[in-house]
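In case you want the letters, here they are:
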Amino acid sequence: MSFVSAHPPGLSPDRYPSADAMASVFPQCLNGIALKPALERHVLIAAFALQDWRAWETQALAIIDPRERGRAERQRQPRHRTDLALAYALHRLVLAHALGVPAAQVPLARDARGRPLLEGRLEQTSLSHAEGVVAVAVSMSGDVGVDIEPVSRAQVMPEIAGRICHAAESARIAQVPDADRAAALLDLWVRKEAFLKAAGVGLEREMDTFSLPVEGVVALHPDGTATVEIERLDLGPDVVCAVARPPGAGCIAGWLRPMRRDEVR
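Presented here is a report on the structure given in the accompanying data block.

Calculation rules
Residues numbered from 1 in each chain as written. Predicted model: local features only at pLDDT ≥ 70, side-chain atom pairs only at ≥ 80, totals over all residues. Heavy atoms only, no water. Helix = DSSP H or I, 4+ residues; strand = E, 2+ residues; numbered from the N terminus. Buried < 20%, exposed > 50% of the residue type's maximum accessible area, 1.4 Å probe, protein only. Contact = heavy atoms within 4.5 Å. Areas by Shrake-Rupley, 256 points an atom, 1.4 Å probe, with all protein chains shown as cover. Axes fitted to C-alpha atoms, helices over the stretch in contact; angles between N-to-C directions. Parallel < 35°, antiparallel > 145°, perpendicular 65-115°, else oblique. Left-handed = near helix turned anticlockwise from the far one by under 90°. Nonpolar A, V, L, I, M, F, W, Y, C, P; charged D, E, K, R; others polar. Pairing = 2+ DSSP bridges. Polar contact = N/O pair within 3.5 Å; in protein donor to acceptor, adjacent residues only side chain to side chain. Phe/Tyr/Trp six-rings, centres within 6.5 Å; stacked < 30°, edge-to-face > 60°. Lys NZ or Arg CZ within 6 Å of the ring centre and 35° of its normal.

Time to look at the overall build of the protein chain. Along the protein chain, the regular secondary structure elements total eight helices and ten strands. Buried residues in the protein chain amount to 49% of all 265 residues. Taking the contacts inside the protein chain whose residues are at least 6 apart along the sequence as the reference set, 60% of them involve residues at least 24 apart. Carbon and sulfur atoms form 49% of the exposed surface of the protein chain, whose accessible area is close to 12,800 Å².

This part takes up the packing of helix 4 (residues 66-73) against helix 5 (residues 78-99). If you want to describe how two helices pack, look at the angle between their axes and the distance between the axes. Viewed as axis vectors pointing N to C, helix 4 and helix 5 meet at an angle of 155°, and their least axial separation amounts to 8 Å. Considered as vectors, helix 4 and helix 5 are oriented roughly antiparallel to each other. Crossing angle aside, the handedness with which helix 4 passes helix 5 is right-handed. Side by side, helix 4 and helix 5 meet where E68, R71, A72 and E73 of the first sit next to R81, L84, A85, Y88 and R92 of the second. By residue class, the composition of the contact of helix 4 with helix 5 is four nonpolar, no polar and five charged.

Okay, the sheet that holds strand 10 (residues 250-255) next. On the basis of which strands lie adjacent, the open sheet formed by four strands has the order 4-5-1-10 and mixed pairing. The sheet is open, and its two edges are formed by strand 4 (124-130) and strand 10, each paired on a single side. Between one strand axis and the next, the sheet turns by 15° as a mean value, whatever way the strands run. Bridge analysis of strand 1 (residues 42-49) against strand 5 (residues 133-139) gives six bridges, and the strand direction is antiparallel. Residue pairing for strand 5: L44 is matched across the bridge by V138. In the packing of helix 5 onto the sheet, the strands contacted are strand 1, strand 4 and strand 5, and the crossing angle to strand 4 comes to about 150°.

By the element assignment, R115 lies in the loop between strand 2 (108-110) and strand 3 (116-118). Discounting residues that sit within four places of it in the chain, R115 has contacts with A109, R110, Q124, D143, V144, K197, A198, A199 and G200.

Taken in spatial order, the four strands of this open sheet run 6-9-8-7, and their pairing is antiparallel. Each end of this open sheet is capped by a strand with a single partner; those strands are strand 6 (145-150) and strand 7 (217-219). On average, each strand axis in the sheet is inclined to that of its neighbour by 25°, with strand direction left out of account. With six bridges joining them, strand 6 and strand 9 (residues 239-245) adopt antiparallel strand pairing. Opposite P150, over in strand 9, you have V239 as the bridge partner. With respect to the sheet, helix 8 (residues 178-199) is in contact with strand 6, strand 7, strand 8 (227-233) and strand 9, its orientation differing from that of strand 6 by roughly 150°.

As a further point, take the side chain of T125. As for its placement among the helices and strands, T125 is situated in strand 4. By relative accessible area, T125 is classed as buried at 2%. Among the polar contacts listed, one links the side chain of T125 to the side chain of H91, at a separation of 2.9 Å. A polar contact of 2.8 Å, which involves the side chain of T125, links it to the backbone oxygen of A137. Ignoring anything within four residues of it in the chain, the contact list for T125 reads H91, L95, L108, P116, L118, V136, A137, V138 and V144.

Okay, the packing of aromatic side chains next. How two aromatic rings sit relative to each other is given by the distance of their centres and the angle of their planes. Taken as a whole, this structure holds two aromatic pairs when the rule is applied. Their ring planes at 75° and their centres at 5.8 Å tell us that F48 and W53 sit as a pair that is edge-to-face. You'll find F48 and W53 in the same group, each marked buried. A cation over an aromatic ring shows up here: R153 above the ring of W189, its NZ or CZ 4.7 Å from the ring centre. Positioned over the ring face of F210 is K192, at 4.6 Å from the centre of the ring.

Notably, E131 is not glycine yet its phi reads approximately 45°, a positive angle. In this fold, E131 is placed in the loop between strand 4 and strand 5.

This is the structure in structure tokens:
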């Protein structure tokens, strides 16, 4: 997916690339799979490195709605304000392409817990942003949650291991070699974050109160009315990313970067 402008930095918020242009960045979409049909069979995950997008802050602020703009402007640090505005704008752009509507018409709202939802639509979505990276998930077949973290965050994981691990998981993590333990804890963190986002509760449910199986189907709620599978996504060596998706749903994932000026036609 690319912002396209023949006369940078001026960009009209309604000038977005086609769905085919966005789909072409996904490795699994190189055979011409269009986004909307792909969404019927797959969960879509779009990842962004915000350093690629920070030049588009002005355009991002024009794309997001007043509530999102207010949340961004309340951030104390200028970089945090920029990054949050970009995260919200990129979320809207992905949804616009997935739903086949202009970004301004994406019915994006939040519930009482802050979970993003699409009013009046079957599709579900999730957003994750942390330290310069963003991931957006879209599903048409059920609950979805995504979490992405830079690998550098692993260094703080041992300090908060007690907040992450259920007793059974603590025993398993203790058997991991010392050199790999921080990475194992970060892996568990992103998987639990994705699960909690799919459940719609976020960090209201403490991570150490439940355990997740390494693989297989997991009930989202105590009554077992909904289930997900949790999958680690390979998005390269610099990030750790996981998605909680409907059982059996395929997953299409990739990085989206803005078109370079010399690529604009």
